[in-house]
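Examination of the molecular architecture
Listed here are the chains, written in short residue letters.
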Amino acid sequence: MSVHQPVPQISAPHVGATPDDADLPEVAVIVPVYKGAAMLGELVRRLRETLRGIDARYQIVLVDDRSPDESWTGILAESAADPGVLGVRLSRNFGQHAAISAGMAHARARWYVVMDCDLQDPPEAIADLYRHAIETDADVVIAERETSGLGAGRNLGSTLFNTALRWSSGLEVSSKFGNFRIFSDKVAAAFRAYPEQLRLFPAIMTQLGFETRRLRLPRNERAEGKSSYNLFKLAKLGLETIIAYSEKPLWLMTGVGVAVCIASVLFGLTITVNALVNGISVPGYASLASLISFLGGLQVFLISLVGLYVGRALAEAKRRPVFIVDRLATAGTPGTPQRPKDTP
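Predicted model, so just to flag it, every value in this text is computed and none were measured.

This part is about the overall build of the protein chain. Scanning the protein chain from N- to C-terminus turns up ten helices and eight strands. The buried share of the protein chain, taken over its 344 residues, is 45%. Residue pairs in contact within the protein chain that sit at least 24 positions apart in sequence constitute 82% of those at least 6 positions apart. For the protein chain, the accessible surface area stands at approximately 17400 Å², while carbon and sulfur atoms represent 60% of it.

Moving on, we get to the sheet that holds strand E7 (residues 212-217). Reading across the sheet, the eight strands line up as E7-E5-E6-E4-E1-E2-E3-E8 and stay open at both edges, with mixed pairing between neighbours. Unpaired on one side and paired on the other, E7 and strand E8 (325-329) mark the two borders of the sheet. Geometrically, the sheet is characterised by an average inter-axis angle of 20° between neighbouring strands, direction not taken into account. Strand direction decides the pairing type here: strand E4 (residues 111-114) and strand E6 (residues 181-184), joined by four bridges, are antiparallel. Within E6, the residue paired with Val114 across the bridge is Arg181. Packed onto the sheet, helix H6 (residues 185-192) meets E4, strand E5 (140-145) and E6 and runs at close to 95° relative to E6.

Further remarks concern the packing of aromatic side chains. All told, the structure shown has four aromatic pairs when counted by the stated rule. Look at Tyr112 and Phe183: their rings are 5.9 Å apart centre to centre, the planes differ by 10°, and that puts the pair in the stacked class. Highlighted residues: Tyr112 in strand E4 and Phe183 in strand E6, separated in sequence by 71 residues. Residue Phe183 is classed as buried on the basis of its relative accessible area, which comes to 0%. In textbook terms, an aromatic cluster arises when at least three aromatic residues are bridged by ring pairs, as seen for Tyr112, Phe183, Phe191 and Phe201. One residue, Arg92, lies across the ring of Phe94, its end atom 3.8 Å from the ring centre.

To continue, consider a nonpolar patch on the surface. Taken together, Val258, Ile262, Val265, Leu266 and Leu269 make up a surface patch of nonpolar side chains, about 460 Å² in accessible area. Within the fold, Ile262 resides in helix H9 (residues 248-278). When its relative accessible area of 48% is taken as the criterion, Ile262 is described as partly exposed.

What counts and what doesn't
- Residues numbered from 1 in each chain as written.
- Predicted model: local features only at pLDDT ≥ 70, side-chain atom pairs only at ≥ 80, totals over all residues.
- Heavy atoms only, no water.
- Helix = DSSP H or I, 4+ residues; strand = E, 2+ residues; numbered from the N terminus.
- Buried < 20%, exposed > 50% of the residue type's maximum accessible area, 1.4 Å probe, protein only.
- Contact = heavy atoms within 4.5 Å.
- Areas by Shrake-Rupley, 256 points an atom, 1.4 Å probe, with all protein chains shown as cover.
- Pairing = 2+ DSSP bridges.
- Axes fitted to C-alpha atoms, helices over the stretch in contact; angles between N-to-C directions.
- Phe/Tyr/Trp six-rings, centres within 6.5 Å; stacked < 30°, edge-to-face > 60°.
- Lys NZ or Arg CZ within 6 Å of the ring centre and 35° of its normal.
- Patch = residues over 30% accessible without salt bridge, like charges linked within 9 Å, V, L, I, M, F, W, Y side chains within 5 Å.
- Salt bridge = Lys/Arg side-chain N within 4 Å of Asp/Glu carboxyl O.

Put into structure tokens, the structure is as follows:
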């Protein structure tokens, strides 16, 4: 029998293995909540109905990423009414993927599901994911979208983001699938042990490996509000992720530097030969100014790129918490402030 260590409530960066699963629920659902107050009641109701069809024991972990609306009030009400619902409130907005990590640190089950709070991924599909995982003996089953359920601008941004990330890092990411998936407890333990400060849930899950399947499922239009990701945020996240997961831009810039050096040598030889054959003539100032401006801009770009990599390495070396928990809400003690244990 394997020996398991207790899991601390904050996983930044060290988290132990999962505990003995003798009394664990069959499925735990982790939902990062941001501007989801209007959909929270329906989400929990549909999750409860679906999970009860799988097993009477279940866990729903709602992580309030310091949402500016009344999401925490709704989470308090749901957790007070149902002992299977756990509310986790972060001390500030850490971002969706850090919120998922917070949920993973608190959830305990044999199988885990991560999904968004906007009801675009139907909670009823969890039963299909669970059944497919059992039937195929897979460790991970990813929901592949039949339609994106996004607008044209967001579709374009998502496609560009995933294409750039796939090219630069080799990770198997696509706009056809997002966070919605089910995975086993050993995958969850491996995810918790992952030390990266920059959390991108699909990218980390891809790097973990394990036996993975896909299941094609419908995706609904967003019922309320709109996504907090715009083109600028997607571009910023894409650049940060490429720097965190790939060295290919550095190699590419090395190739550009070598090519510029070779071109400079050839240009110098051409000028020398021309001067020996035709004599020295006054060069054009416009071409000279253009060349100097180009090389100056290229140097600034290369230095900035290296600076981004150094900055990312510094952020990883600081080992700051990925998230900080402000409050936990469970049945009987809703909204009571609690100090997180094992805070780094």
